[in-house]
Amino acid sequence: MEQYTRKPLIGLFSSRPDRNVVRLATAMAWHYRRNLFGLAVAGMSLGAIGWHWLRQSDVASSVPKACTQTPTVDITQRLEMVGSPFTTSQHKKSDPYARNVWVMFPFQQQLYLGHGDSNHNQGPIPLWYFDPASETFQFDFVAPEEQIQTFQAIDQTLYTPGIDARENWKFGSIYRLGATNWQQLRTLPGGVHVWAIQGFARQLWAVIRRPDNRGYLLTSKDGGRTWQDVRSLRRESAHMVLFQSSLYIFSRGRPWQVDQTLVPKQRQDLDLKQLFPEHTQATQITQTATHQSQLAYISNRSRYISHTVQGTKILNRADPHLQPPGLFVAQSLDPLNTKVQRIALRAHEVPWDLFSTPQGLYVLTSERRNQTGQQSFLIRVRQASHRHQWCAILAFESDTFARSFAQFQGKWYFGLGTDYGSAYGRKSYTQRAHPLSGTVLRTTL
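These numbers were taken from a predicted model, which means no experiment stands behind them.

Draft legend 1. Quick look at the nonpolar core. Counting 37 residues, the largest nonpolar core has Val-381 and Phe-414 as the members making the most contacts within it. Tyr-248, Leu-275, Ala-330 and Val-340 belong to the second-largest nonpolar core, a separate cluster that totals 15 residues.

Draft legend 2. The arrangement of the pairing of strand β26 (residues 327–334) in detail. The buried fraction of β26 is high, at six of eight residues. Summarising the sheet, strand β23 (residues 294–299) and β26 pair through four bridges and their orientation is antiparallel. The residue bridging Leu-295 from the neighbouring strand is Ala-330, located in β26. Remark: two residues form the turn of the hairpin made by β26 and strand β27 (residues 337–342), two consecutive strands paired antiparallel.

Draft legend 3. Quick peek at the sheet that holds β23. The strand order across the open sheet built from four strands is β22-β23-β26-β27, with neighbouring strands paired in antiparallel fashion. Since the sheet does not close on itself, it has two edges, and those belong to β22 (285–291) and β27, each with one partner. Taking the axes of each pair of neighbouring strands and ignoring which way they run, one obtains an average angle of 25 degrees across the sheet. Two elements, β26 and β27, share six bridges in a ladder whose sense is antiparallel. Its bridge partner lying in β27, Asp-334 is registered against Asn-337.

Draft legend 4. Spotlight on the sheet that holds strand β19 (residues 246–250). In spatial order, the strands read β18-β19-β20-β21; together these four strands make up an open sheet with antiparallel pairing. Two strands close off the open sheet at either side, each with one partner strand: β18 (239–243) and β21 (265–266). Pairing of β19 with strand β20 (residues 256–258) involves three bridges; the strand directions are antiparallel. The residue of β20 that forms the bridge with Leu-247 is Val-258.

Draft legend 5. Representation of the environment of Arg-176. If you trace the backbone, Arg-176 turns up in strand β12 (residues 171–177). Residues Arg-176 and Thr-160 lie 16 residues apart in sequence; the distance between their C-alpha atoms is 6.8 Å.

Draft legend 6. Layout of the environment of Gln-359. Here Gln-359 shows up in the loop between β28 (349–357) and β29 (360–371). Sequence separation of Gln-359 and His-291 is 68 residues, and the distance between their C-alpha atoms is 8.8 Å.

Draft legend 7. Up close: the confidence of the model for the chain. Looking at the chain as a whole, the pLDDT averages 84, with 79% of positions reaching at least 70. Of the regions scoring below 50 in pLDDT, residues 8–64 engages in 88 contacts with residues more than four places distant in sequence or in other chains.

Draft legend 8. Inspection of the side chain of Ser-246 at higher detail. Tracing the sequence through the fold places Ser-246 in strand β19. Apart from the residues within four sequence positions on either side, Ser-246 is in contact with Phe-200, Val-241, Gln-257, Val-258 and Asp-259.

Draft legend 9. Highlighting the side chain of Ser-404. Along the chain, the position of Ser-404 falls in strand β32 (residues 402–408). Judged by its relative accessible area of 0%, Ser-404 falls in the buried class. Sequence-distant contacts of Ser-404, defined by excluding residues within four places in its chain, comprise Val-101, Trp-102, Val-103, Met-104, Asp-353, Leu-364, Tyr-413, Phe-414 and Gly-415.

Draft legend 10. Quick peek at unusual backbone geometry. With an omega of -5 degrees, the peptide bond running from Gly-123 to Pro-124 counts as cis. With respect to the element layout, Pro-124 can be found in the loop between β5 (110–114) and β6 (125–126). At Gln-244, a position not held by glycine, the phi torsion is positive, near 50 degrees. Along the chain, Gln-244 falls in the loop between β18 and β19.

The rules behind these values
- Residues numbered from 1 in each chain as written.
- Predicted model: local features only at pLDDT ≥ 70, side-chain atom pairs only at ≥ 80, totals over all residues.
- Heavy atoms only, no water.
- Core = buried A, V, L, I, M, F, W, Y, C linked by side-chain atoms within 4.5 Å.
- Buried < 20%, exposed > 50% of the residue type's maximum accessible area, 1.4 Å probe, protein only.
- Helix = DSSP H or I, 4+ residues; strand = E, 2+ residues; numbered from the N terminus.
- Pairing = 2+ DSSP bridges.
- Axes fitted to C-alpha atoms, helices over the stretch in contact; angles between N-to-C directions.
- pLDDT = per-residue confidence, 0-100.
- Contact = heavy atoms within 4.5 Å.

What follows is the structure in C-alpha coordinates.
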(Lines give C-alpha, C1' and ligand atoms only; values in the text may rest on other atoms or scores of the structure.)
Protein backbone atom coordinates (compact mmCIF):
# COMPACT_ATOMS: atom_id res chain seq x y z
CA MET A 1 0.00 0.00 0.00
CA GLU A 2 1.43 3.35 -1.05
CA GLN A 3 1.26 6.09 1.57
CA TYR A 4 2.00 9.76 1.83
CA THR A 5 2.10 11.28 5.31
CA ARG A 6 0.89 14.85 5.65
CA LYS A 7 3.22 17.51 6.96
CA PRO A 8 2.03 20.05 9.53
CA LEU A 9 1.72 23.61 8.35
CA ILE A 10 2.03 26.07 11.21
CA GLY A 11 2.25 29.85 11.33
CA LEU A 12 1.82 30.60 7.64
CA PHE A 13 -0.72 33.35 8.00
CA SER A 14 -0.33 36.78 9.49
CA SER A 15 -3.33 38.48 11.06
CA ARG A 16 -2.05 41.87 9.86
CA PRO A 17 -0.60 41.44 6.36
CA ASP A 18 1.69 44.19 5.11
CA ARG A 19 4.83 44.58 3.02
CA ASN A 20 6.78 42.44 5.44
CA VAL A 21 4.53 39.52 4.55
CA VAL A 22 5.35 40.03 0.88
CA ARG A 23 9.07 40.16 1.61
CA LEU A 24 8.85 37.07 3.80
CA ALA A 25 6.88 35.10 1.23
CA THR A 26 9.28 36.10 -1.56
CA ALA A 27 12.28 35.10 0.51
CA MET A 28 10.71 31.78 1.39
CA ALA A 29 9.86 31.04 -2.26
CA TRP A 30 13.50 31.77 -3.24
CA HIS A 31 14.90 29.63 -0.45
CA TYR A 32 12.62 26.70 -1.25
CA ARG A 33 12.52 27.22 -5.02
CA ARG A 34 13.23 23.51 -5.66
CA ASN A 35 10.82 22.25 -3.05
CA LEU A 36 7.03 22.08 -3.48
CA PHE A 37 6.49 22.47 0.24
CA GLY A 38 8.43 25.69 0.17
CA LEU A 39 6.37 26.96 -2.73
CA ALA A 40 3.24 26.11 -0.80
CA VAL A 41 4.53 28.02 2.21
CA ALA A 42 5.20 31.10 0.10
CA GLY A 43 1.94 30.83 -1.77
CA MET A 44 -0.16 30.47 1.35
CA SER A 45 1.67 33.35 3.01
CA LEU A 46 0.78 35.57 0.09
CA GLY A 47 -2.79 34.42 0.62
CA ALA A 48 -3.07 36.61 3.70
CA ILE A 49 -2.27 39.79 1.80
CA GLY A 50 -5.59 40.38 0.06
CA TRP A 51 -7.98 39.61 2.89
CA HIS A 52 -8.86 43.23 3.56
CA TRP A 53 -10.56 43.31 0.14
CA LEU A 54 -13.16 40.76 1.17
CA ARG A 55 -15.61 42.91 3.08
CA GLN A 56 -15.52 45.70 0.50
CA SER A 57 -15.96 43.34 -2.45
CA ASP A 58 -18.85 41.47 -0.85
CA VAL A 59 -20.73 44.72 -0.17
CA ALA A 60 -20.49 45.54 -3.88
CA SER A 61 -21.68 42.06 -4.89
CA SER A 62 -24.58 41.52 -7.23
CA VAL A 63 -25.85 38.83 -4.87
CA PRO A 64 -29.08 40.00 -3.16
CA LYS A 65 -28.48 42.34 -0.24
CA ALA A 66 -29.86 39.81 2.26
CA CYS A 67 -26.48 38.07 2.04
CA THR A 68 -24.83 41.01 3.82
CA GLN A 69 -26.59 39.74 6.94
CA THR A 70 -24.77 36.42 6.67
CA PRO A 71 -21.28 36.62 8.19
CA THR A 72 -18.38 35.52 5.97
CA VAL A 73 -15.75 33.75 8.05
CA ASP A 74 -12.11 34.51 7.24
CA ILE A 75 -10.44 31.07 7.31
CA THR A 76 -7.06 32.30 6.07
CA GLN A 77 -5.34 31.72 9.42
CA ARG A 78 -7.11 28.41 10.01
CA LEU A 79 -5.98 26.65 6.83
CA GLU A 80 -3.49 23.82 7.03
CA MET A 81 -1.85 22.00 4.15
CA VAL A 82 -2.76 18.33 4.38
CA GLY A 83 -0.44 17.34 1.56
CA SER A 84 0.18 16.99 -2.17
CA PRO A 85 -0.20 13.27 -2.91
CA PHE A 86 0.07 13.44 -6.70
CA THR A 87 3.72 14.47 -6.42
CA THR A 88 4.65 11.20 -4.69
CA SER A 89 5.02 7.49 -5.56
CA GLN A 90 6.24 6.04 -8.84
CA HIS A 91 3.11 7.45 -10.50
CA LYS A 92 3.75 11.07 -9.53
CA LYS A 93 2.72 13.77 -12.00
CA SER A 94 5.34 16.38 -12.87
CA ASP A 95 2.82 18.34 -14.97
CA PRO A 96 0.84 20.70 -12.68
CA TYR A 97 -2.27 20.41 -14.86
CA ALA A 98 -2.38 16.64 -14.36
CA ARG A 99 -2.35 17.30 -10.60
CA ASN A 100 -5.67 19.19 -10.68
CA VAL A 101 -7.90 17.81 -7.93
CA TRP A 102 -10.87 17.21 -10.20
CA VAL A 103 -13.06 15.74 -7.49
CA MET A 104 -13.17 15.19 -3.72
CA PHE A 105 -15.70 12.52 -2.76
CA PRO A 106 -16.36 11.43 0.83
CA PHE A 107 -17.27 7.75 1.05
CA GLN A 108 -17.56 5.84 4.30
CA GLN A 109 -14.45 6.84 6.28
CA GLN A 110 -12.26 8.03 3.41
CA LEU A 111 -12.00 11.05 1.12
CA TYR A 112 -11.39 9.96 -2.51
CA LEU A 113 -9.52 12.19 -4.99
CA GLY A 114 -9.44 12.32 -8.78
CA HIS A 115 -6.64 13.71 -10.97
CA GLY A 116 -4.92 13.25 -14.35
CA ASP A 117 -5.09 14.84 -17.81
CA SER A 118 -6.87 13.04 -20.64
CA ASN A 119 -5.87 15.76 -23.12
CA HIS A 120 -2.16 15.04 -22.72
CA ASN A 121 -2.46 11.38 -21.65
CA GLN A 122 -1.07 11.59 -18.13
CA GLY A 123 -1.97 8.14 -16.81
CA PRO A 124 -2.01 5.69 -15.22
CA ILE A 125 -3.96 7.05 -12.26
CA PRO A 126 -3.67 5.78 -8.67
CA LEU A 127 -7.07 5.96 -6.94
CA TRP A 128 -5.85 8.11 -4.06
CA TYR A 129 -7.81 8.62 -0.85
CA PHE A 130 -7.16 10.47 2.38
CA ASP A 131 -7.48 8.41 5.56
CA PRO A 132 -8.18 10.76 8.50
CA ALA A 133 -7.51 8.02 11.06
CA SER A 134 -3.84 7.76 10.05
CA GLU A 135 -3.62 11.28 8.56
CA THR A 136 -2.14 9.82 5.37
CA PHE A 137 -2.87 9.70 1.65
CA GLN A 138 -3.00 6.16 0.29
CA PHE A 139 -3.94 4.14 -2.77
CA ASP A 140 -4.60 0.43 -3.22
CA PHE A 141 -5.18 0.35 -6.97
CA VAL A 142 -3.80 2.01 -10.12
CA ALA A 143 -6.37 2.52 -12.88
CA PRO A 144 -5.17 2.15 -16.50
CA GLU A 145 -6.76 5.50 -17.36
CA GLU A 146 -5.46 8.95 -18.30
CA GLN A 147 -7.75 10.77 -15.86
CA ILE A 148 -10.22 10.10 -13.03
CA GLN A 149 -12.74 12.91 -12.85
CA THR A 150 -15.84 11.66 -11.00
CA PHE A 151 -16.96 9.21 -8.34
CA GLN A 152 -20.50 7.96 -7.83
CA ALA A 153 -22.06 6.10 -4.90
CA ILE A 154 -24.65 3.59 -6.20
CA ASP A 155 -26.47 1.30 -3.76
CA GLN A 156 -23.82 1.93 -1.11
CA THR A 157 -21.02 0.98 -3.52
CA LEU A 158 -18.46 3.42 -4.89
CA TYR A 159 -17.89 3.58 -8.67
CA THR A 160 -15.75 5.66 -11.00
CA PRO A 161 -15.95 5.66 -14.82
CA GLY A 162 -12.79 5.30 -16.89
CA ILE A 163 -12.99 8.39 -19.07
CA ASP A 164 -9.90 7.70 -21.20
CA ALA A 165 -8.65 4.10 -21.39
CA ARG A 166 -4.96 3.32 -21.83
CA GLU A 167 -5.83 -0.20 -22.97
CA ASN A 168 -7.15 -1.10 -26.41
CA TRP A 169 -10.58 0.19 -27.34
CA LYS A 170 -12.42 -3.11 -27.61
CA PHE A 171 -13.93 -2.47 -24.17
CA GLY A 172 -14.19 0.46 -21.80
CA SER A 173 -14.04 0.19 -18.02
CA ILE A 174 -15.78 1.16 -14.87
CA TYR A 175 -14.17 0.63 -11.47
CA ARG A 176 -16.03 -0.62 -8.39
CA LEU A 177 -14.80 -0.59 -4.80
CA GLY A 178 -15.39 -4.02 -3.30
CA ALA A 179 -15.13 -5.12 0.30
CA THR A 180 -11.34 -5.16 0.23
CA ASN A 181 -10.15 -3.65 -3.06
CA TRP A 182 -11.06 -2.00 -6.36
CA GLN A 183 -12.36 -4.14 -9.20
CA GLN A 184 -12.02 -3.25 -12.87
CA LEU A 185 -15.07 -4.13 -14.99
CA ARG A 186 -13.73 -3.89 -18.53
CA THR A 187 -17.04 -4.81 -20.12
CA LEU A 188 -18.45 -1.80 -22.00
CA PRO A 189 -18.24 -2.59 -25.75
CA GLY A 190 -16.16 -0.01 -27.63
CA GLY A 191 -15.91 2.31 -24.65
CA VAL A 192 -13.05 4.60 -25.64
CA HIS A 193 -14.44 7.13 -23.15
CA VAL A 194 -16.82 6.20 -20.34
CA TRP A 195 -18.15 9.62 -19.42
CA ALA A 196 -20.61 8.83 -16.65
CA ILE A 197 -22.21 6.06 -14.61
CA GLN A 198 -25.41 6.14 -12.58
CA GLY A 199 -27.87 3.77 -10.94
CA PHE A 200 -31.58 3.89 -11.75
CA ALA A 201 -34.46 1.41 -11.56
CA ARG A 202 -32.19 -1.37 -10.25
CA GLN A 203 -29.92 -1.06 -13.28
CA LEU A 204 -26.57 0.52 -14.04
CA TRP A 205 -26.54 3.18 -16.76
CA ALA A 206 -23.47 4.49 -18.57
CA VAL A 207 -22.68 7.03 -21.30
CA ILE A 208 -19.73 6.17 -23.53
CA ARG A 209 -18.07 7.33 -26.74
CA ARG A 210 -16.99 4.72 -29.26
CA PRO A 211 -14.34 4.80 -32.01
CA ASP A 212 -17.02 6.02 -34.45
CA ASN A 213 -16.90 9.28 -32.43
CA ARG A 214 -20.53 8.99 -31.36
CA GLY A 215 -22.02 8.82 -27.88
CA TYR A 216 -24.15 5.95 -26.61
CA LEU A 217 -26.39 5.30 -23.62
CA LEU A 218 -25.99 1.77 -22.24
CA THR A 219 -27.64 -0.17 -19.43
CA SER A 220 -26.70 -3.25 -17.40
CA LYS A 221 -29.07 -5.47 -15.44
CA ASP A 222 -26.37 -7.71 -13.95
CA GLY A 223 -24.15 -5.25 -12.09
CA GLY A 224 -21.93 -4.32 -15.02
CA ARG A 225 -21.01 -7.79 -16.29
CA THR A 226 -22.87 -7.25 -19.57
CA TRP A 227 -24.29 -4.15 -21.26
CA GLN A 228 -27.01 -3.38 -23.79
CA ASP A 229 -27.24 -0.35 -26.06
CA VAL A 230 -30.24 1.86 -25.33
CA ARG A 231 -29.74 4.63 -27.87
CA SER A 232 -27.17 6.84 -29.56
CA LEU A 233 -26.33 10.32 -28.28
CA ARG A 234 -24.19 13.26 -29.29
CA ARG A 235 -20.42 12.90 -29.36
CA GLU A 236 -19.81 15.33 -26.47
CA SER A 237 -19.18 14.19 -22.91
CA ALA A 238 -22.29 13.66 -20.81
CA HIS A 239 -23.39 14.05 -17.21
CA MET A 240 -26.14 12.00 -15.52
CA VAL A 241 -28.17 12.88 -12.43
CA LEU A 242 -31.23 11.59 -10.60
CA PHE A 243 -33.94 14.21 -10.15
CA GLN A 244 -37.69 14.05 -9.55
CA SER A 245 -37.91 10.25 -9.95
CA SER A 246 -36.14 10.33 -13.32
CA LEU A 247 -32.68 9.87 -14.75
CA TYR A 248 -31.49 12.86 -16.76
CA ILE A 249 -28.69 12.64 -19.31
CA PHE A 250 -27.18 16.04 -20.01
CA SER A 251 -24.97 16.39 -23.05
CA ARG A 252 -24.66 19.31 -25.43
CA GLY A 253 -28.12 20.52 -26.42
CA ARG A 254 -31.46 19.15 -25.22
CA PRO A 255 -31.24 16.53 -22.45
CA TRP A 256 -32.70 13.02 -22.34
CA GLN A 257 -35.02 11.84 -19.60
CA VAL A 258 -35.57 8.25 -18.49
CA ASP A 259 -38.64 7.74 -16.29
CA GLN A 260 -40.21 4.57 -14.89
CA THR A 261 -41.00 3.37 -18.43
CA LEU A 262 -37.21 3.09 -18.96
CA VAL A 263 -37.65 4.56 -22.43
CA PRO A 264 -35.37 7.59 -23.03
CA LYS A 265 -37.22 10.67 -24.26
CA GLN A 266 -35.47 13.77 -25.50
CA ARG A 267 -36.87 16.84 -23.82
CA GLN A 268 -37.54 19.10 -26.80
CA ASP A 269 -38.95 21.74 -24.45
CA LEU A 270 -35.65 22.07 -22.54
CA ASP A 271 -33.62 24.13 -24.97
CA LEU A 272 -30.61 26.22 -24.02
CA LYS A 273 -32.75 29.20 -23.03
CA GLN A 274 -34.76 27.05 -20.64
CA LEU A 275 -31.74 25.34 -19.10
CA PHE A 276 -29.46 28.39 -18.97
CA PRO A 277 -31.55 31.54 -18.50
CA GLU A 278 -29.56 34.80 -18.71
CA HIS A 279 -26.47 32.99 -20.03
CA THR A 280 -26.11 33.02 -23.80
CA GLN A 281 -22.74 31.19 -23.87
CA ALA A 282 -23.69 28.06 -21.92
CA THR A 283 -24.36 24.85 -23.85
CA GLN A 284 -23.84 21.99 -21.40
CA ILE A 285 -24.17 20.97 -17.74
CA THR A 286 -20.93 19.83 -16.13
CA GLN A 287 -21.58 19.66 -12.36
CA THR A 288 -24.75 18.88 -10.40
CA ALA A 289 -25.92 18.51 -6.80
CA THR A 290 -29.39 17.82 -5.46
CA HIS A 291 -31.04 18.74 -2.17
CA GLN A 292 -34.67 17.96 -1.44
CA SER A 293 -36.59 19.29 -4.46
CA GLN A 294 -33.72 21.36 -5.88
CA LEU A 295 -31.24 20.55 -8.63
CA ALA A 296 -28.24 22.88 -8.68
CA TYR A 297 -25.91 22.80 -11.66
CA ILE A 298 -22.96 24.59 -13.24
CA SER A 299 -22.79 25.26 -16.96
CA ASN A 300 -19.79 24.53 -19.13
CA ARG A 301 -17.08 27.06 -19.92
CA SER A 302 -16.50 28.61 -23.32
CA ARG A 303 -13.73 27.02 -25.34
CA TYR A 304 -10.74 29.18 -26.17
CA ILE A 305 -8.63 28.61 -29.27
CA SER A 306 -5.11 29.91 -28.82
CA HIS A 307 -2.79 30.66 -31.74
CA THR A 308 0.76 30.60 -30.40
CA VAL A 309 4.22 29.99 -31.76
CA GLN A 310 3.75 26.37 -30.75
CA GLY A 311 0.66 26.08 -32.97
CA THR A 312 -3.10 26.17 -32.54
CA LYS A 313 -4.33 24.77 -29.24
CA ILE A 314 -7.83 24.30 -27.88
CA LEU A 315 -7.98 24.66 -24.13
CA ASN A 316 -9.80 22.20 -21.89
CA ARG A 317 -13.54 22.82 -21.65
CA ALA A 318 -13.20 22.65 -17.87
CA ASP A 319 -11.56 26.08 -17.70
CA PRO A 320 -13.33 29.49 -17.88
CA HIS A 321 -11.40 31.26 -20.63
CA LEU A 322 -14.01 33.65 -21.99
CA GLN A 323 -17.53 33.72 -20.57
CA PRO A 324 -17.54 32.52 -16.96
CA PRO A 325 -19.75 29.50 -16.31
CA GLY A 326 -23.11 30.04 -14.65
CA LEU A 327 -24.75 28.66 -11.53
CA PHE A 328 -28.38 27.58 -11.87
CA VAL A 329 -31.08 26.01 -9.71
CA ALA A 330 -34.04 24.02 -11.03
CA GLN A 331 -37.04 23.75 -8.75
CA SER A 332 -38.78 21.62 -11.36
CA LEU A 333 -38.06 20.16 -14.79
CA ASP A 334 -41.63 19.01 -15.31
CA PRO A 335 -42.69 19.70 -18.92
CA LEU A 336 -45.70 21.70 -17.74
CA ASN A 337 -43.97 23.41 -14.84
CA THR A 338 -40.29 24.02 -15.62
CA LYS A 339 -38.68 26.38 -13.10
CA VAL A 340 -35.03 27.26 -13.59
CA GLN A 341 -33.21 30.34 -12.32
CA ARG A 342 -29.67 31.62 -12.70
CA ILE A 343 -28.05 32.50 -9.36
CA ALA A 344 -26.43 35.92 -9.25
CA LEU A 345 -22.71 35.88 -8.51
CA ARG A 346 -20.15 38.62 -8.83
CA ALA A 347 -19.23 39.66 -12.37
CA HIS A 348 -15.91 37.76 -12.37
CA GLU A 349 -16.74 35.05 -9.86
CA VAL A 350 -16.32 31.55 -11.33
CA PRO A 351 -18.24 28.57 -9.89
CA TRP A 352 -16.18 25.38 -9.85
CA ASP A 353 -17.80 22.70 -7.75
CA LEU A 354 -21.07 21.84 -5.98
CA PHE A 355 -21.61 19.89 -2.80
CA SER A 356 -24.74 18.76 -0.97
CA THR A 357 -25.21 17.90 2.70
CA PRO A 358 -28.35 17.45 4.83
CA GLN A 359 -27.94 21.14 5.70
CA GLY A 360 -28.24 22.26 2.08
CA LEU A 361 -26.37 23.11 -1.11
CA TYR A 362 -22.92 24.70 -1.37
CA VAL A 363 -20.90 26.08 -4.28
CA LEU A 364 -17.13 26.68 -4.51
CA THR A 365 -16.11 29.80 -6.43
CA SER A 366 -13.01 31.83 -7.21
CA GLU A 367 -12.51 35.47 -8.14
CA ARG A 368 -9.30 36.31 -9.93
CA ARG A 369 -7.38 39.42 -8.88
CA ASN A 370 -4.29 41.18 -10.18
CA GLN A 371 -2.24 43.53 -8.03
CA THR A 372 0.96 45.00 -9.48
CA GLY A 373 1.23 42.05 -11.86
CA GLN A 374 0.86 39.46 -9.11
CA GLN A 375 -2.13 37.17 -9.63
CA SER A 376 -4.15 35.91 -6.70
CA PHE A 377 -7.59 34.40 -6.14
CA LEU A 378 -10.29 35.00 -3.58
CA ILE A 379 -11.86 31.62 -2.83
CA ARG A 380 -15.41 31.50 -1.47
CA VAL A 381 -17.87 28.87 -0.34
CA ARG A 382 -21.46 29.98 -0.75
CA GLN A 383 -24.46 28.29 0.83
CA ALA A 384 -27.99 28.35 -0.57
CA SER A 385 -29.77 30.24 2.20
CA HIS A 386 -32.74 30.71 -0.12
CA ARG A 387 -33.43 29.49 -3.63
CA HIS A 388 -32.56 32.98 -4.91
CA GLN A 389 -29.65 33.68 -2.56
CA TRP A 390 -26.33 31.91 -2.16
CA CYS A 391 -24.41 33.70 0.58
CA ALA A 392 -20.66 33.47 1.22
CA ILE A 393 -20.05 31.65 4.50
CA LEU A 394 -16.25 31.36 4.30
CA ALA A 395 -13.43 32.71 2.14
CA PHE A 396 -9.67 32.82 1.83
CA GLU A 397 -7.00 34.25 -0.47
CA SER A 398 -4.71 31.95 -2.46
CA ASP A 399 -2.04 32.07 -5.15
CA THR A 400 -4.17 29.72 -7.28
CA PHE A 401 -7.82 28.75 -7.32
CA ALA A 402 -9.52 25.76 -5.68
CA ARG A 403 -11.10 23.43 -8.21
CA SER A 404 -12.90 21.04 -5.81
CA PHE A 405 -14.07 20.93 -2.21
CA ALA A 406 -15.87 18.72 0.31
CA GLN A 407 -17.20 18.75 3.84
CA PHE A 408 -15.84 15.65 5.54
CA GLN A 409 -16.06 14.67 9.20
CA GLY A 410 -16.83 18.21 10.27
CA LYS A 411 -14.02 19.84 8.29
CA TRP A 412 -13.79 21.63 4.95
CA TYR A 413 -11.30 20.29 2.41
CA PHE A 414 -10.10 22.15 -0.72
CA GLY A 415 -8.23 20.79 -3.75
CA LEU A 416 -6.10 23.41 -5.49
CA GLY A 417 -5.95 23.51 -9.28
CA THR A 418 -4.45 25.27 -12.27
CA ASP A 419 -5.01 26.11 -15.91
CA TYR A 420 -2.41 25.25 -18.58
CA GLY A 421 -0.62 28.58 -18.29
CA SER A 422 1.16 30.96 -20.62
CA ALA A 423 1.96 28.33 -23.27
CA TYR A 424 -1.73 28.40 -24.15
CA GLY A 425 -2.06 32.14 -24.50
CA ARG A 426 -3.03 35.13 -22.41
CA LYS A 427 -6.57 33.86 -21.84
CA SER A 428 -5.38 31.08 -19.55
CA TYR A 429 -7.14 31.44 -16.20
CA THR A 430 -3.83 31.18 -14.36
CA GLN A 431 -0.74 32.99 -15.65
CA ARG A 432 1.26 29.79 -15.41
CA ALA A 433 0.72 26.11 -14.74
CA HIS A 434 0.78 26.66 -11.00
CA PRO A 435 3.06 24.41 -8.89
CA LEU A 436 0.55 24.38 -6.00
CA SER A 437 -1.91 22.44 -8.14
CA GLY A 438 -2.80 19.17 -6.41
CA THR A 439 -2.33 20.57 -2.91
CA VAL A 440 -5.05 19.65 -0.41
CA LEU A 441 -5.99 22.18 2.27
CA ARG A 442 -8.41 21.90 5.13
CA THR A 443 -9.93 23.91 7.96
CA THR A 444 -12.51 23.83 10.71
CA LEU A 445 -14.99 26.63 11.28
